[in-house]
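Each chain, written out:
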Amino acid sequence: MSRQTGIIVGAFAMVLASILTMTMWPGRTSAADLAEIRARVTPALESALAEKGLAFGAPVFIRVFKQEKQLEVWLKKDEQFALFKSYPICNYSGSLGPKQKEGDFQSPEGFYYVTRDRLNPNSQYHLSFNLGFPNVFDRQLDRTGSYLMIHGDCVSIGCYAITDPAIEEVYLLVEAALNNGQPFFRAHLFPFRMTPENLSFYEGTQWFSFWQNLKTGYDWFEEKRVPPDVQAKDGVYAFGEG
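Attention here is on the structure that accompanies the text. This is a predicted model, so every value here is computed, not measured.

Overview of the environment of Glu79
Phase 1: Along the chain, Glu79 turns up in the loop between β2 (70-77) and β3 (80-88).
Phase 2: Glu79 sits in the exposed class, given a relative accessible area of 64%.
Phase 3: Spatially, the C-alpha atoms of Glu79 and Arg225 are 8.8 Å apart, while their sequence positions differ by 146 residues.

Printed below as a string of structure tokens:
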């Protein structure tokens, strides 16, 4: 075998190994795995919900706070939403500020929604769901990106990653809500908790006006405990009754 042929064969072997590694990724979840997760996690999850007067399958709302590395899951109780649990975010990529373009390694900020078809039970990151970036607002500003997720496995390139036990609970809660008739659930992604004190710290910075806009949606939920309906008009978020 010539040296050149050997190089070609070696390169082909490396590519083949890479493909096989991807297709046999040890964290990849199968239908059987998901069935096992449901059977194992659901009873304890239902018990924890019942302790707070919440029901498995109730409508869900998610908030993410980058700086605090927290993901909150809220469930509807009567006419408002109540906090069920806050999960630590073990990894996100980039810094404070929105995602602007494909490849900038930023995790997004803003107002997103997730439909049933955006759930991925066969994720290479245990379980995941697509946040739907870019949304209408992002497209109005010519922002680009794809496959921005909340998922497990604690690794991130533009996504929000939580632990596998955490994503199992979150995934089952949103799956149950969508299967029970919620047409989509909202995911509101913030750079930090949008208190006046936190926001004033960043006055004069690049994203201050954008964060002021986000704060309007944050305050809406803080006051009403019902997430607003979110529209985008000329590159600005607008809020109304959901």
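From this point, the discussion proceeds with the structure in view.
Concerning the nonpolar core
Phase 1: Ranked by size, the top nonpolar core spans 59 residues in total, and within it Ile62, Leu71 and Phe129 carry the most contacts.
Phase 2: Sort the elements by how many residues they give to this core and helix α4 (residues 164-179) lands first, with nine residues.
Phase 3: With sequence-adjacent residues up to four places away left out, Ile62 is seen in contact with Leu71, Glu72, Val73, Phe129, Ile150, Val170, Val174, Phe185, Arg186, Ala187 and His188.

Here's the deal with the sheet that holds strand β5 (residues 110-115)
Phase 1: Pairing is mixed across the open sheet formed by five strands, whose spatial order is β3-β2-β1-β10-β5. Pairing within the sheet leaves two strands with one partner each, and these edge strands are β3 and β5. Taking the axes of each pair of neighbouring strands and ignoring which way they run, one obtains an average angle of 20 degrees across the sheet.
Phase 2: Alignment of strand β1 (residues 60-65) against strand β10 (residues 184-190), held across five bridges, turns out to be parallel. Its bridge partner lying in β10, Val64 is registered against Leu189.
Phase 3: Docked against the sheet, α4 engages β1, β2, β3, β5 and β10, running at close to 155 degrees with respect to β3.

Structural notes on the state of the cysteines
Phase 1: For the coordinates displayed, the defined rule picks out one disulfide.
Phase 2: Each sulfur in the disulfide pair Cys90 and Cys154 lies 2.0 Å from the other. Judged by the sign of its S-S torsion, about -110 degrees, the bond between Cys90 and Cys154 is left-handed. Of the two residues, Cys90 is situated in the loop between β3 and β4 (91-92) and Cys154 in the loop between β8 (149-151) and β9 (160-161); the sequence distance between them amounts to 64 residues.

A closer look at the pairing of β5
Phase 1: When you tally the buried positions in β5, you get five out of six residues, the bulk of the element.
Phase 2: As paired strands, β5 and β10 are joined by six bridges and run antiparallel to one another. Considered in β10, the bridge of Tyr113 is made with Arg186.

Section: the packing of aromatic side chains
Phase 1: All told, the structure shown has 21 aromatic pairs when counted by the stated rule.
Phase 2: Relative to Phe239, the ring of Phe111 has its centre 5.2 Å away and its plane inclined at 75 degrees; by these criteria the two rings are edge-to-face. One end of the pair, Phe111, is in strand β5; the other, Phe239, is in strand β12 (residues 236-240), with 128 residues separating them in the sequence. As far as the burial class goes, Phe111 and Phe239 line up, both buried.
Phase 3: Seen in terms of ring centroids, Phe129 and Phe185 are 5.3 Å apart; in terms of plane orientation they differ by 85 degrees. Their pairing is edge-to-face. With Phe129 in strand β7 (residues 128-130) and Phe185 in strand β10, this residue pair connects regions lying 56 residues apart in the sequence.
Phase 4: The buried category is assigned to Phe129, whose relative accessible area is 0%.

Re α4
Phase 1: An ideal rise of 1.5 Å per residue puts 22 Å on 16 residues; α4 measures up with 22 Å between its terminal C-alpha atoms.
Phase 2: Within α4, 13 of the 16 residues are buried, which leaves it mostly tucked inside the rest of the structure.
Phase 3: Positive phi appears at Gly181, one or two residues downstream of α4, with a value of about 115 degrees.

A few points about unusual backbone geometry
Phase 1: Cis geometry marks the peptide bond from Phe133 to Pro134, where omega comes out at 0 degrees.
Phase 2: Tracing the backbone through its elements, the reader meets Pro134 in the loop between β7 and α3 (136-140).
Phase 3: For Phe105, which is not glycine, the phi dihedral falls at a positive 60 degrees.
Phase 4: Mapped onto the fold, Phe105 is located in the loop between β4 and β5.
Phase 5: In this model, Tyr147 sits at a positive phi of 55 degrees, which is unusual for a non-glycine residue.
Phase 6: Counting through the fold element by element, Tyr147 comes out in the loop between α3 and β8.
Phase 7: On the basis of relative accessible area, Tyr147 is assigned to the exposed category, the value being 63%.

About the criteria used
- Residues numbered from 1 in each chain as written.
- Predicted model: local features only at pLDDT ≥ 70, side-chain atom pairs only at ≥ 80, totals over all residues.
- Heavy atoms only, no water.
- Helix = DSSP H or I, 4+ residues; strand = E, 2+ residues; numbered from the N terminus.
- Buried < 20%, exposed > 50% of the residue type's maximum accessible area, 1.4 Å probe, protein only.
- Core = buried A, V, L, I, M, F, W, Y, C linked by side-chain atoms within 4.5 Å.
- Contact = heavy atoms within 4.5 Å.
- Pairing = 2+ DSSP bridges.
- Axes fitted to C-alpha atoms, helices over the stretch in contact; angles between N-to-C directions.
- Disulfide = S-S within 2.5 Å.
- Phe/Tyr/Trp six-rings, centres within 6.5 Å; stacked < 30°, edge-to-face > 60°.
- Expected span 1.5 Å × (residues − 1).

By themselves, these are just geometric observations and shouldn't be taken as functional.
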